[in-house]
Amino acid sequence: MLLSLMIFVPLLGMIVVLLLPRESEELIKRVTLLFTLIPLVLAVVLFISYDRSTAGTQYFVSVPWIETFNINYHIGIDGLSVTLILLTALLGPICVLASWRNIEKGIKAYMALFLLLETGMLGFFAALDLFLFFVFFELTLLPMYFLIGVWGGPRREYAAIKFFLYTLFGSVLMLVAMIAVYLNSGVPGERTFDIPTLITLAGTEGHALADPGFQIWVFLGFFIGFAVKVPIFPFHTWLPDAHVEAPTAISVILAGVLLKMGTYGLVRINMAMFPEGIDFFTNGVGFWGNSLALLGFINIVYGSFCALAQTDFKKLVAYSSIGHMGFVILGLAARNETGVTGAILQMFNHGVISAMLFLLVGVLYDRAHHREINGFGGLGNRMPIYTGITTLAFMASLGLPGLSGFVGEALSLLGAFAKFQVLTILSTIGIVVGAAYFLWTLQRVFLGQLNPKYEDLPEINGREILTLVPLGVLTIVLGIWPHFAIEMFSESVTKLTEIMGTLQASL
Amino acid sequence: MDYLENIESLAYFSPEIVLVVFAAAVIILDLLVKNRESEKVAYLSLVGLGCALVAIIVTHSSLGTDESKNLFWGMIRLDGFAVFFKVLLLLATAATILFSLRSEELDARLKGEYYALLLAVTFGMFLMASSTNLLMIFISLETVSLTSYILAGFLTHSPRSSEAAFKYITYGAVASGTMLFGLSLIYGMTGTGDLAAIGQQLPIVLAEGQVTTLGILIAITFILAGIGYKIASVPFHMWSPDVYEGAPIPITAFLSVASKAAGFALFLRFFFSGFGNSEVMQSIDLGLLLAIVSALTMTIGNLAALPQRNVKRLLAYSSIAHGGYLLMGGVLLANSDPDIVNKGISAIIFYLVVYFFMNLGAFYVVVLIANEAGSEMIEGYRGLSSRAPLVAGAMAIFLASLIGIPIFAGFFGKWVLFTAVIEGNLYWLAFVGLLNSVVSLYYYARILKAMYFESAEDTESFSFSKGTFALLSVFVVPTLLIGLLNIFYSLSEKFTLQ
């Protein structure tokens, strides 16, 4: 009940916002803020009251929905999903605050779409029915398309349709795979979309779902769907466009949550439901056995080098996202407890850090109205607080020990090293390049001579600081005490590695 | 098989009789009222449709336990399937009349005949949904075609409309002639016009060697020309973009929904009853033939829609594509598992209901914008989100549903279809269909883009009456809800062919 309430409060908020008069903009913003704060409170309650000692799903609700196809409204949370739900719920009000002043037209529609988006994201992380999972996954598409297309930058139309086409292409492949899983789950009348049941069936020897050949191609269907979202090379080209054109708050959501939907899907569906499939791509013979790790490696190195080449601040952050998501893929490919823990931690950390980075880019853009890195210089004198927070975010992102980014990346690499020595060693190039582009940016924007054009640039204001502080605190806390998050999902990870591990033992 | 004789049949034929009576009454009333009061004629037609609806419900409930009746010595059949299509077609006609009332492109002086013709075409479509005899099939098809030709050319002052009617009649004449030849071949092979009897005879004559599979294939191909023309499937689709573009918008909406639905009713009944025996189906590999036609129809429809700037023409191509999706369900008729055949039919039924609401809704918006902005071109939709936010919102919902995005009904419609197709082991076809959905996103999104991302030079907002919004919500609400409620899925299973 608590969980359902959390998912649908933003939807209710959307209806309320739609009923408010268009002119009362302040009221609309406040109402939206309220309707994003409620899920945050509920998410915190869920996070605290979640029983960390078991891997089982908690707070689950299962109500029949479309009985003809045995589709249920089945939701619940485990340690992994509750962590990401907390991240989503936290970014909600932050994004509303970040949109407070810089959305100039149609604030009502903007806020309504944002609330719809939040329902989609929260529902996605809680869904335990494959069909519901897919519906929530797709529910984020339309609001995102409009949010980029209406309120975005100069090339917003191109970016919006590209985002839409790529994601829809991925999800239709997922849909075929999903229908195949459903049809193979039993005889007519006993078929199911229930994720926990399907996981059990897929592990039952002799069941149609457990057939390795079947699992491999279904794995691929889901994988491409999620890979577009993550994004994994070569499906990544929509991301820089979408990020650059999207308004600040939407970039934050895109990097902070939407990309995580891809990796979450990989963990929840691909790894848990298709152990034979993941085995083929991480443990199989020859090229295929290294393919997933290879993709992680490409993401890391390619993303980092692309970021190094950027002169647009926002594009740089966007490409750095591609690089950092590579660590998640690499950690998942390791399939051992260390690697998967690192990957999940990296998902959360990247959500927090990239959200900070995009907020910071937005702060600068709102003042200078451009993002050209070489156009700044010496801002450190003009905006000391802003410089301080940016440095914190940069350090966290480049993986400075003591800040959260380090822990996730280190664990991912550590886990991956056990299996893919060469690729892991090569992947560390990404960390070096990461340090290079962040430090270089720091130098170009904040150090040196102050560009006379920006002598009167106002310092970051209270509202903006308010959006950054919770995220900054989280990066420090998780850097020093990562166990705070790890203990949430360690049981789930153990269970997941068991599902994949039993298979390994039987080989 | 027991048949009802003519007099007994009349009671079960009451919906059709009501339609004919009202069509005549409409013509008479048209002579009595003055030109400016042509709305009265429309209302009388609506009353006629209402009475027909009551008659349908009464006859359906009087069917009792045996659930179907063969009327007029087996010429037509009244069963759940026919009842479903009659209700759907009747509602489509009602919607068309309501659109026409609001459309400003129609000549008020001619509206009397117009409504009478609409009732007549509905009558023909009722017969299409229930014919079980080759002769009756042809007559019903011709009734619908002839009236449709006139309706398509109803904008007498517009050369485009006349062109539409001319093209329609030329293609139609060829298609129905070809079909008639196919029907005569079947009659020659089996010696009967009754579909059920054909279903029994064909395997026998095939086994005895009196006919060859090639002969059946030729006959089927010829018949498919006629049916394919009605549902606008490739390669018999060429008429539809021109006709849809030239015809009055309400008629375009009517043709794209009702004419297509009636065509599918005929198609399903013909192949289900006449070729229900899967041996014959498989001997001529009908499944593969239909699958290729289906894949080509949706692909060509979607690709041709991509460059369109005229929204009406764009929706015409989109409706060809949707015909292709629907045909995927028809492919399953060739499956050897009766359970899967049934799933295919109920998927088509479900999709038709969804398509009815989303497509008619989209066409209604086209009517509204044509009235207000005076344009059918995509440019006329620029800045609609600020000029008429509610209408733009409704259009966005229809388009999102046509693309097939959750939570809109179109997604669930596709879901049901694709699940059935994959269950029939036609993975490649499902794949083609899904890739087509992605392609279709591009052109539907162009309208979304114009409405939301671009701004108009003229920013004056449109004003619409309350009635407009009421009618719009009749289409919006089901487009939002149908997929979410289990009852529609179970209903669609109830009305399949037995």
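J.: How should I be thinking about the overall build of chain B in this particular structure?
T.: A tally of regular secondary structure across chain B gives 21 helices and two strands. In terms of overall dimensions, chain B is globule-like: its C-alpha atoms have a radius of gyration of 22 Å, near the 23 Å expected for 498 residues. Oriented by its inertia axes, the alpha-carbon framework of chain B measures out at about 75 × 55 × 45 Å. Within chain B, the proportion of its 498 residues that are buried is 61%. Of the contacts made within chain B by residues no fewer than 6 positions apart, 80% connect residues no fewer than 24 positions apart.

J.: For this particular structure, what's the right way to read the overall build of chain A?
T.: Counting its secondary structure elements, chain A contains 21 helices and two strands. Taken over C-alpha atoms, the radius of gyration comes to 22 Å for chain A, in line with the 23 Å a tight globule of 507 residues would show. With the C-alpha coordinates aligned to their principal axes, the bounding extent of chain A is approximately 75 × 55 × 40 Å. Burial statistics for chain A: of 507 residues in total, 61% are counted as buried.

J.: I'm lost on helix α1 (residues 2-19) of chain A in this one. Help?
T.: Working note: α-helix, 3.6 residues per turn, so residues spaced by three or four point in the same direction. Residues and elements named next belong to chain A. Taking 1.5 Å as the rise per residue, α1 with 18 residues should run 26 Å; its terminal C-alpha atoms sit 25 Å apart, in good agreement. Along α1, the sharpest kink reaches roughly 35 degrees, centred on F8 and followed within four residues by the proline P10. By the burial criterion, the buried members of α1 are L3, M6, I7, V9, P10, G13, M14 and V17. Each element contacted by the buried residues of α1 is listed here: α2 (25-49), β1 (58-66), β2 (71-77) and α4 (107-126).

J.: How should I be thinking about the environment of V172 of chain A in this particular structure?
T.: For V172 of chain A, the location among the structural elements is in helix α7 (residues 156-184). According to the C-beta neighbour criterion, V172 of chain A is buried, with 24 such atoms within 10 Å. Spatially, the C-alpha atoms of V172 of chain A and V363 of chain A are 37 Å apart, while their sequence positions differ by 191 residues. Non-local contacts of V172 of chain A, meaning those with residues more than four positions away in its chain, are made with L434, L435, S437 and V438 of chain B.

J.: Please explain the pairing of β2 of chain A as it appears in this structure.
T.: Look at any regular strand and the pattern is simple: side chains alternate between the two faces of the sheet. Residues and elements named next belong to chain A. For β2, the buried fraction is high: six of the seven residues fall into the buried class. Strand direction decides the pairing type here: β1 and β2, joined by six bridges, are antiparallel. Bridged to Q58 within β2 is I77. From the end of β1 to the start of β2, which pair antiparallel, there are four residues, and N70 there has a positive phi angle of about 55 degrees.

J.: Would you mind showing me how to read the interface of chain A and chain B here?
T.: One widely used convention gives an interface's size as the accessible area the parts lose upon coming together. Taken together, the contact between chain A and chain B spans 25 residues of the former and 24 residues of the latter. At the level of secondary structure, the elements contributing two or more residues to the side of chain A that touches chain B comprise α5 (130-139), α6 (141-151) and α7 of chain A. Among the elements that line the side of chain A that touches chain B, the one with the most residues is α7 of chain A, at 13 residues. Of the residues in the side of chain A that touches chain B, the class split is 19 nonpolar, two polar and four charged.

J.: Just to check I follow, could you spell out the packing of helix α13 (residues 286-305) of chain B against helix α19 (residues 427-452) of chain B for this structure?
T.: All names here are of chain B. Two elements in contact, α13 and α19, have axes separated by 9 Å at closest approach and are oriented at 15 degrees. With respect to α19, the element α13 is oriented roughly parallel. In the crossing of α13 with α19, the sense of the turn from one axis to the other is left-handed. Between α13 and α19, the residues in contact are A291, S294, A295, M298, T299, N302, L303 and A305 and L429, V432, G433, N436, V439, S440 and Y443, respectively. Tallied by class, the residues present in the contact of α13 with α19 amount to nine nonpolar, six polar and no charged.

J.: Honestly, the confidence of the model for chain A in this entry has me stumped. Any pointers?
T.: Parts of the prediction with low pLDDT should not have their coordinates interpreted in detail. For chain A, the mean per-residue pLDDT works out to 88, and 98% of the residues sit at or above 70. Low pLDDT, under 50, characterises residues 502-507 of chain A; the stretch is placed with four contacts to residues that sit more than four places away or in other chains.

J.: What exactly am I supposed to notice about the environment of A52 of chain B here?
T.: All names here are of chain B. Within the secondary structure, A52 sits in helix α3 (residues 38-62). The buried category is assigned to A52, around which 28 C-beta atoms lie within 10 Å. With 34 residues separating them in the primary sequence, A52 and K86 have C-alpha atoms 9.5 Å apart.

J.: What should I look at first to understand the nonpolar core in this one?
T.: Note on soluble globular proteins: their nonpolar side chains tend to be buried together. In this structure, I85 of chain A together with L89, A262, Y351 and L399 of chain B are the most contacted members of the largest nonpolar core, which totals 399 residues. Top element by residues in this core is helix α15 (residues 338-373) of chain B. It accounts for 24 residues. When near neighbours in sequence (up to four residues on either side) are disregarded, A262 of chain B contacts F85, L89, M125, M128, A129 and V144 of chain B.

Rules of the game
Residues numbered from 1 in each chain as written. Chains lettered and ligands numbered in written order. Predicted model: local features only at pLDDT ≥ 70, side-chain atom pairs only at ≥ 80, totals over all residues. Helix = DSSP H or I, 4+ residues; strand = E, 2+ residues; numbered from the N terminus. Rg over C-alpha atoms; globule rule 2.2 N^0.38 Å. Buried ≥ 20, exposed ≤ 12 C-beta atoms within 10 Å, placed from the backbone. Contact = placed C-beta atoms within 7 Å. Expected span 1.5 Å × (residues − 1). Bend = angle between axes of the 7 residues up to and from the residue. Pairing = 2+ DSSP bridges. Nonpolar A, V, L, I, M, F, W, Y, C, P; charged D, E, K, R; others polar. Axes fitted to C-alpha atoms, helices over the stretch in contact; angles between N-to-C directions. Parallel < 35°, antiparallel > 145°, perpendicular 65-115°, else oblique. Left-handed = near helix turned anticlockwise from the far one by under 90°. pLDDT = per-residue confidence, 0-100. Core = buried A, V, L, I, M, F, W, Y, C linked by C-beta atoms within 7 Å.

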